[in-house]
Amino acid sequence: MRTGAKRKASDMKLLFITGNRHKFLEAESILKGCGVKIEHGSLSIPEERGEDCEAIAAAAARAAYRALKKPLFVEDSGLFIESLNGFPGAYSAWAFGKLGADGILKLMTGTVKRGAEFVTAIAYADEDGVRTFVGACKGTVAPMQRGSTGFAYDAIFVPEGQSKTFAEDPELKARVSHRRMALEKFAKWLEEKEKS
Ligand code: IMP
């Protein structure tokens, strides 16, 4: 028995506070590949308003840690469309609820410049404070919805250098997504932290 032995972080399940089941499943699968196990937690925290996913995630992690007093992480993400001056950005969840992916396509009718970027900010909080990890995936907005997997804007986003949308190719999404980029940075930092 490991009486008195300090539990290694890799033996523990890290708490991911999110109300989005898709985000959780993607994070679980990506982090598993990095040797990090997670568990799901729900907590209703009023979301800070703003245009910066990193600041929003940091505020949410701080509030969640204050409430739960346990190491945890949260994420805030969004789709930033160039021709719409970054809209819907940090308001992506709200815009999807109001307009859906088709509503966004309508706003872009006749737009040739279709560049966009998905951004994810992960914020981890523990007794030492908050650390953030940002990941991004550049691409374009497709002219119409294609594919049936994933969630929200997956059916209209084509990552750079590719022809399929995230919703048409979930393996592609798992390899190149904004979420993967942020989570890989986070996992690397956790690994370093455990070593020190
Ligand atoms: P929030 O991080 O809860 O503010 O919501 C982010 C919103 O951005 C989601 O509800 C989706 O509408 C959108 N979003 C973020 N990541 C993805 C993704 O991987 N695929 C499709 N839509 C996403």
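In what follows, the structure referred to is the one given above.
Nothing here was measured: the structure is a model prediction, and the numbers come from that model.

Caption draft 1: Geometry of the pattern of salt bridges. This structure, assessed with the given rule, holds 11 salt bridges. Where K23 meets E75, a salt bridge forms, and the shortest distance between an N and an O atom there is 3.5 Å. Pair noted here: K23 is in helix α1 (residues 21–32) and E75 is in strand β3 (residues 72–81), with a separation of 52 residues, a long-range link. This pair shows no difference in class: K23 is buried, exactly as E75 is. Among the salt bridges present, the one from K173 reaches D154, with a minimum N-O distance of 3.0 Å. A residue pair is termed long-range when its members are at least 10 positions apart, and K173 in helix α4 (residues 170–176) and D154 in the loop between β6 (129–141) and β7 (157–159) qualify at 19 residues. D154 carries the same exposure label as K173, and that label is buried. Linked by salt bridges that have partners in common, K23, E26, E75, D154, K173 and R179 make up one network.

Caption draft 2: Structural context of the packing of aromatic side chains. Within the structure shown, the criterion is met by 11 aromatic pairs. Ring geometry for F96 against Y153: centres 5.2 Å apart, planes inclined by 80°, an arrangement best described as edge-to-face. With F96 in helix α3 (residues 92–107) and Y153 in the loop between β6 and β7, this pair connects stretches of sequence that are 57 residues apart. Relative accessible area serves as the criterion here: at 31%, F96 is assigned to the partly exposed category. The structure contains a cluster of three or more aromatic residues connected by ring pairs, namely F16, F24, F73, Y124, F133, F186 and W189.

Caption draft 3: Expanded view of helix α5 (residues 178–195). When the terminal C-alpha atoms of α5 are compared, their 26 Å separation across 18 residues agrees well with the 26 Å that a helix rising 1.5 Å per residue should span. Looking only at α5, the buried set comprises H178, R179, R180, A182, L183, F186, A187, W189 and L190. Where α5 is buried, its residues meet β1 (13–17), α1, β3, β5 (115–126), β6 and α4. Where α5 starts, the residue carrying a side-chain oxygen 3.2 Å from the main-chain nitrogen of R179 turns out to be S177.

Caption draft 4: Structural view of the nonpolar core. Core analysis: the biggest nonpolar cluster contains 18 residues, and L14, I38, F73, L183 and F186 have the highest contact counts within it. Secondary structure elements with two or more residues in this core: β1, α1, β5 and α5. Here the element with the most residues in this core is α5; it accounts for 6 residues.

Caption draft 5: Broad picture of the site of the ligand. Taken together, 15 residues surround the ligand, and among them K23, S77, D154, K173 and R179 come closest. Here S77 contributes a backbone N or O atom positioned 2.9 Å from an oxygen atom of the ligand. Expressed as a share of its isolated accessible area of 480 Å², the protein-covered part of the ligand is 91%. Those elements that place two or more of their residues in the shell around the ligand are β3, α3 and α5. The greatest single-element share of the shell around the ligand, amounting to 3 residues, is contributed by β3.

Calculation notes
Residues numbered from 1 in each chain as written. Predicted model: local features only at pLDDT ≥ 70, side-chain atom pairs only at ≥ 80, totals over all residues. Heavy atoms only, no water. Salt bridge = Lys/Arg side-chain N within 4 Å of Asp/Glu carboxyl O. Helix = DSSP H or I, 4+ residues; strand = E, 2+ residues; numbered from the N terminus. Buried < 20%, exposed > 50% of the residue type's maximum accessible area, 1.4 Å probe, protein only. Phe/Tyr/Trp six-rings, centres within 6.5 Å; stacked < 30°, edge-to-face > 60°. Expected span 1.5 Å × (residues − 1). Contact = heavy atoms within 4.5 Å. Polar contact = N/O pair within 3.5 Å; in protein donor to acceptor, adjacent residues only side chain to side chain. Core = buried A, V, L, I, M, F, W, Y, C linked by side-chain atoms within 4.5 Å. Near = heavy atom within 4 Å. Areas by Shrake-Rupley, 256 points an atom, 1.4 Å probe, with all protein chains shown as cover.

These figures come from the coordinates and say nothing about function on their own.
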